[in-house]
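One-letter residues, chain by chain:
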Amino acid sequence: MTTLVVVRKNGAVAIAADSLTTFGDTRLAADHDRSYDKIVRYRDTYIGLCGSAAHQLVFESLLAKHRDLDFSDKPAIFETFRELHPILKEQHFLNPKEEEDDPYESTQITALIANANGIFGVFSMREVFEYTQFWAAGSGREFALGAMHARYAQADSAEAVARVGVDAGAKFDRNSALPMTLYALPLAKPETRLRIDAA
């Protein structure tokens, strides 16, 4: 699997991932993989994918062909993945079945997203979460979450917290390894909201 993290801190966001691909007991390390980056870019949005290695090529194809996708906020991300689901089934032959009692078809994708509007997570039933500080996904997520929790308050930047998370995943998860890829960008300035008290 992988260690994938997103962080929001001090007016910036960061997304980072390890570089190891595994096929059962076989490891494809970065020095043998010409394209080991698990994070894809769509305009000013970075999307980190974990799970099947096939997701990377499928998503690169989708993003290249669809120029009107919206990852700006939680509702927009949900609608984007809802619109992509039939395309994944019809054009990319996605198998949407997981468990018999699942309430919805699965998109089979776990992704973390970072852009100027914040940090988000998308899971197989198209559940979307927006995070206030940090989150992790993949087989190294528990190590990453613990390390980022321990260092978040002391770290100076989102990038520094993200590095700690992926380092911990690479150190303790057998399916994660360095080097990491990391992208950081500033958050958009928050909207100015006027408070109007009732008279």
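This text goes with the structure placed above it.
Residues numbered from 1 in each chain as written. Predicted model: local features only at pLDDT ≥ 70, side-chain atom pairs only at ≥ 80, totals over all residues. Heavy atoms only, no water.

(A) Region of the structure containing the sheet that holds strand β9 (residues 128-131). Here five strands make up an open sheet; going across it, the order is β5-β6-β7-β8-β9 and the pairing antiparallel. Of all the strands in the sheet, the pair left with one neighbour each is β5 (39-42) and β9. This sheet shows a mean twist of 25° between the axes of neighbouring strands, independent of strand direction. When strand β7 (residues 110-115) meets strand β8 (residues 118-122), the two strands line up antiparallel, connected through five bridges. From the neighbouring strand, A111 faces β8, where its bridge partner is V122. Packed on one face of the sheet, helix α2 (residues 74-92) meets β7, β8 and β9 and runs near 35° to β8. (Pairing = 2+ DSSP bridges. Helix = DSSP H or I, 4+ residues; strand = E, 2+ residues; numbered from the N terminus. Axes fitted to C-alpha atoms, helices over the stretch in contact; angles between N-to-C directions. Contact = heavy atoms within 4.5 Å.)

(B) Expanded view of the layout of surface pockets. Taken as a whole, the largest pocket holds about 450 Å³ of empty space. Lining the largest pocket are 23 residues, with T21, K38, S52, A53 and Q56 sitting closest to its centre. Among the elements of the structure, β3 (21-23), β5, β6 (45-50) and α1 (54-65) are those that each provide at least two residues to the lining of the largest pocket. When residues of the lining of the largest pocket are assigned to their parent elements, the largest contribution, four residues, is made by α1. Tallied by class, the residues present in the lining of the largest pocket amount to 11 nonpolar, eight polar and four charged. (1 Å grid on protein atoms, 1.4 Å probe; cavity = no way out; pocket = protein on both sides within 12 Å on 5 of 7 lines; lining within 4 Å. Points joined across faces, edges and corners; volume = space filled by probe spheres on them. Nonpolar A, V, L, I, M, F, W, Y, C, P; charged D, E, K, R; others polar.)

(C) Region of the structure containing the pattern of salt bridges. What the rule picks out here adds up to five salt bridges. Between K89 and E105 there is a salt bridge, and its shortest N-O distance comes to 2.8 Å. Taken as a pair, K89 in helix α2 and E105 in the loop between α2 and β7 lie far apart in primary sequence, 16 residues in all. Put simply, R163 and E159 hold a salt bridge, and the shortest N to O gap is 3.3 Å. Taken together, the residues R163 and E159, both in helix α4 (residues 158-172) and four residues apart, mark about one turn of the helix. (Salt bridge = Lys/Arg side-chain N within 4 Å of Asp/Glu carboxyl O.)

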